[in-house]
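# What the coordinates show
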Amino acid sequence: MAKRTKPSELEMQILSVLWENGPATTRQVMEAMPDGKKRAYTSILSVMQVMEKKGLLTHTNQGTAHVYKPAQSKRRVLKPFMQKIVSEVFAGRPAALMQALLSETSVSQAELEEMQRLLAEAKTVNREP
């Protein structure tokens, strides 16, 4: 992301597929899109080609197929995005973001346990010496 280009919603979905599943062809990405919308292969391919020009993706060739992978880490892309949401939507309060997440989405018991583990881990990392 040389220019610090903010990914669009569709670009974020494509990145999420690649971060979750690893390098993939356009067809594999298309089939794994999290919103489940049916899109033309050429639409996803065009977006991924633009993402490569923006510095969000890179590709290698495997035979005749292009295999894409993120050019940036998930953390690098999400950090400014999350900071902006916390700042602009939740008045700088991460706890308010978590409260909204818990009240506005379905969270399984396993996800709650994972959140508790992450909170406990954050407490030990952020503890003053």
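Cut-offs used in this document
- Residues numbered from 1 in each chain as written.
- Predicted model: local features only at pLDDT ≥ 70, side-chain atom pairs only at ≥ 80, totals over all residues.
- Heavy atoms only, no water.
- Pairing = 2+ DSSP bridges.
- Helix = DSSP H or I, 4+ residues; strand = E, 2+ residues; numbered from the N terminus.
- Salt bridge = Lys/Arg side-chain N within 4 Å of Asp/Glu carboxyl O.
- Axes fitted to C-alpha atoms, helices over the stretch in contact; angles between N-to-C directions.
- Parallel < 35°, antiparallel > 145°, perpendicular 65-115°, else oblique.
- Contact = heavy atoms within 4.5 Å.
- Left-handed = near helix turned anticlockwise from the far one by under 90°.
- Nonpolar A, V, L, I, M, F, W, Y, C, P; charged D, E, K, R; others polar.
- Expected span 1.5 Å × (residues − 1).
- 1 Å grid on protein atoms, 1.4 Å probe; cavity = no way out; pocket = protein on both sides within 12 Å on 5 of 7 lines; lining within 4 Å.
- Points joined across faces, edges and corners; volume = space filled by probe spheres on them.
- Buried < 20%, exposed > 50% of the residue type's maximum accessible area, 1.4 Å probe, protein only.
- Polar contact = N/O pair within 3.5 Å; in protein donor to acceptor, adjacent residues only side chain to side chain.
- Patch = residues over 30% accessible without salt bridge, like charges linked within 9 Å, V, L, I, M, F, W, Y side chains within 5 Å.
- Areas by Shrake-Rupley, 256 points an atom, 1.4 Å probe, with all protein chains shown as cover.

## Some thoughts on the pairing of strand β2 (residues 65–70)
- Where strand β1 (residues 57–62) meets β2, six bridges bridge the pair, whose relative direction is antiparallel. Paired with T60 across the strands is V67, a residue of β2.
- Hairpin connection from β1 to β2: two residues lie between these consecutive antiparallel strands, with G63 at a positive phi of about 65 degrees.

## Examining the pattern of salt bridges
- Scanning all chains against the criterion turns up five salt bridges.
- Across the pair R39 and D35 runs a salt bridge whose closest N-O atoms are separated by 2.6 Å.
- Residues joined by salt bridges that share partners form a network here, namely E114, R117 and E121.

## What about the packing of helix α1 (residues 9–21) against helix α3 (residues 41–54)?
- The interhelical angle for the contact between α1 and α3, taken along N-to-C directions, is 90 degrees, at an axis separation of 11 Å. Between α1 and α3, the interaxial angle falls into the category roughly perpendicular. Contact residues: L10, E11, I14 and L15 in α1; I44, V47, M48, V50, M51 and K54 in α3.

## Looking at the packing of α1 against helix α4 (residues 74–89)
- Packing of α1 against α4 leaves a shortest axis separation of 11 Å and a crossing angle of 145 degrees. Two packed elements cross with a definite hand, and for α1 against α4 that hand is left-handed. Across the interface between the two elements, M12, L15 and W19 of α1 pack against K74, V77 and L78 of α4.
- Its residues assigned to classes, the contact of α1 with α4 comprises five nonpolar, no polar and one charged.

## Thoughts on α3
- Along its 14 residues, α3 runs 20 Å from first to last C-alpha, staying within 8% of the 20 Å computed at 1.5 Å per residue.
- Contact partners of the buried residues in α3: α1, α2 (26–31), β1 and β2.

## Examining the layout of surface pockets
- By volume, the largest pocket amounts to about 1,400 Å³.
- Around the largest pocket sit 31 residues that line it, and L78, M82, L97, L101 and L118 are the ones nearest its centre.
- Counting only elements with at least two residues in the lining of the largest pocket, the list comes to α1, α4, α5 (94–104) and α6 (109–125).
- Of the residues that constitute the lining of the largest pocket, the class distribution is 18 nonpolar, five polar and eight charged.

## Re the side chain of Q72
- With respect to the helices and strands, the residue Q72 is situated in the loop between β2 and α4.
- With relative accessibility at 16%, the residue Q72 sits in the buried group.
- Polar side-chain contacts of Q72 include one of 3.0 Å to the side chain of R76.

## A few points about a nonpolar patch on the surface
- On the surface, M98, L102, L112 and L119 cluster together into a nonpolar patch covering about 290 Å² of accessible area.
- Sorting the residues of the nonpolar patch by element identifies α5 and α6 as the ones contributing at least two each.
- Within the secondary structure layout, L112 lies in helix α6.
- Residue class for L112 comes out partly exposed when judged on its relative accessible area of 30%.

Treat this as a map of the structure, not an account of what it does.
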